[in-house]
Amino acid sequence: MATALVIGASRGIGHELARQYLQEGWRVIATARKPADCDALAAMGAQVHTLDVTNVEAVAGLGWKLDGEHLDVAILNAGVYGPRHDGFPVQADFDNVMHTNVLAAMRLLPILAPLVATTNGRLAVLSSKMGSLSERHSAVGSLYRASKAALNSVLIDTALTFGREGVTCVAFHPGWVQTDMGGATADITVEQSAAGMIHTLANLPASEHAAYLTYDGKPIGW
């Protein structure tokens, strides 16, 4: 049975990724911060671990819990947008966004990549087209943009380190999705976004080089 790990599966895209992988007959390992969300994921059939990605002890503990696993797919979904204004950033907002979106990846990806390497599998992060440097045409959401650009950098480094060991790395733009972050008027549903990423991962050719793709497989310039 193929195994998928979804980090940050309490709601939205992460929850839907876990649900669809379970529906396809995969074994799913999922993480969430709150006990109620963990209980809901367990009721769906997932193997669940409590995890706050900003807690270094919790991240290290997850590495111990996952020791010996063979992951066909690992997806780091946990992330935050931060302040909706683009004024002078306060330290608390900066720390929250960068710790959640970047520092967590710097800690988690080196733990997950060797487990993905055992299957020549796929390691994905939920980035955003807003993190692109070459395709940027707006400065709106500057803190979020900076965090996603940094996340992309972390993923590229992960591919340089683990690509030769059989890990194919991809940064996804999930689309403008109808979630708490995207809002009710966004372009696509969580079901469409998750299904697109699952399909893209299943058909993604193995590569030593990181890819930057939309949920439905279209390339994005770094």
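Residues numbered from 1 in each chain as written. Predicted model: local features only at pLDDT ≥ 70, side-chain atom pairs only at ≥ 80, totals over all residues. Heavy atoms only, no water.

For the chain, the name recorded in an unreviewed UniProt entry is SDR family oxidoreductase, with [Empedobacter] haloabium as its organism.

**Considerations on the sheet that holds strand β4 (residues 73-76)**
Ordered in space as β3-β2-β1-β4-β5-β6-β7, the seven strands form an open sheet in which the pairing is parallel. A single partner strand is all that each edge strand has here, and the edge strands are β3 (47-50) and β7 (211-214). Recorded for the sheet is a direction-independent mean angle of 20° between the axes of neighbouring strands. Where strand β5 (residues 122-126) meets strand β6 (residues 168-173), five bridges bridge the pair, whose relative direction is parallel. Along β6, the bridge assignment pairs Val 125 with Ala 171. (Pairing = 2+ DSSP bridges. Helix = DSSP H or I, 4+ residues; strand = E, 2+ residues; numbered from the N terminus. Axes fitted to C-alpha atoms, helices over the stretch in contact; angles between N-to-C directions.)

**Considerations on the side chain of Ser 193**
Summarising the element assignment, Ser 193 is placed in helix α6 (residues 190-203). Setting aside chain neighbours within four positions, we find Ser 193 in contact with Ile 13, Pro 174, Val 177, Ile 188 and Tyr 215. (Contact = heavy atoms within 4.5 Å.)

**Here we look at empty space enclosed by the protein**
According to the stated counting rule, one finds one cavity of 30 Å³ or more in the structure shown. Reported here for the largest cavity is a volume of approximately 30 Å³. As for the largest cavity, its lining consists of Leu 76, Asn 77, Ala 78, Asn 101, Leu 126, Lys 148 and Leu 151. (1 Å grid on protein atoms, 1.4 Å probe; cavity = no way out; pocket = protein on both sides within 12 Å on 5 of 7 lines; lining within 4 Å. Points joined across faces, edges and corners; volume = space filled by probe spheres on them.)

**Considerations on the pairing of strand β2 (residues 27-32)**
For a regular strand, the rule is simple: side chains alternate between the two faces of the sheet. With five of six residues buried, β2 is to be regarded as a mostly interior element. Pairing of strand β1 (residues 3-7) with β2, which is carried by four bridges, proceeds in the parallel orientation. Counted as the bridge partner of Leu 5 is Ile 29 from β2. Read as a crossover between parallel neighbours, the route from β1 over helix α1 (residues 12-23) to β2 is right-handed. Here β2 pairs with β3 via four bridges, running parallel. Looking at β3, one finds that Ala 30 is bridged to Val 48. Considered for its hand, the β-α-β crossover made up of β2, helix α2 (residues 35-44) and β3 is right-handed. (Buried < 20%, exposed > 50% of the residue type's maximum accessible area, 1.4 Å probe, protein only. Right-handed = clockwise from strand over helix to strand, strands pointing away.)

**A closer look at the layout of surface pockets**
Sizing a probe to match a water molecule and rolling it over the atoms shows the empty space that remains. Roughly 1,100 Å³ of internal volume is contained in the largest pocket. In terms of lining residues, the largest pocket is bounded by 39 residues, among which Arg 11, Asn 77, Gly 79, Val 80 and Met 181 are the most central. Elements supplying a minimum of two residues to the lining of the largest pocket: α1, β2, α4 (91-117) and α5 (142-162). By residue class, the composition of the lining of the largest pocket is 15 nonpolar, 16 polar and eight charged. (Nonpolar A, V, L, I, M, F, W, Y, C, P; charged D, E, K, R; others polar.)

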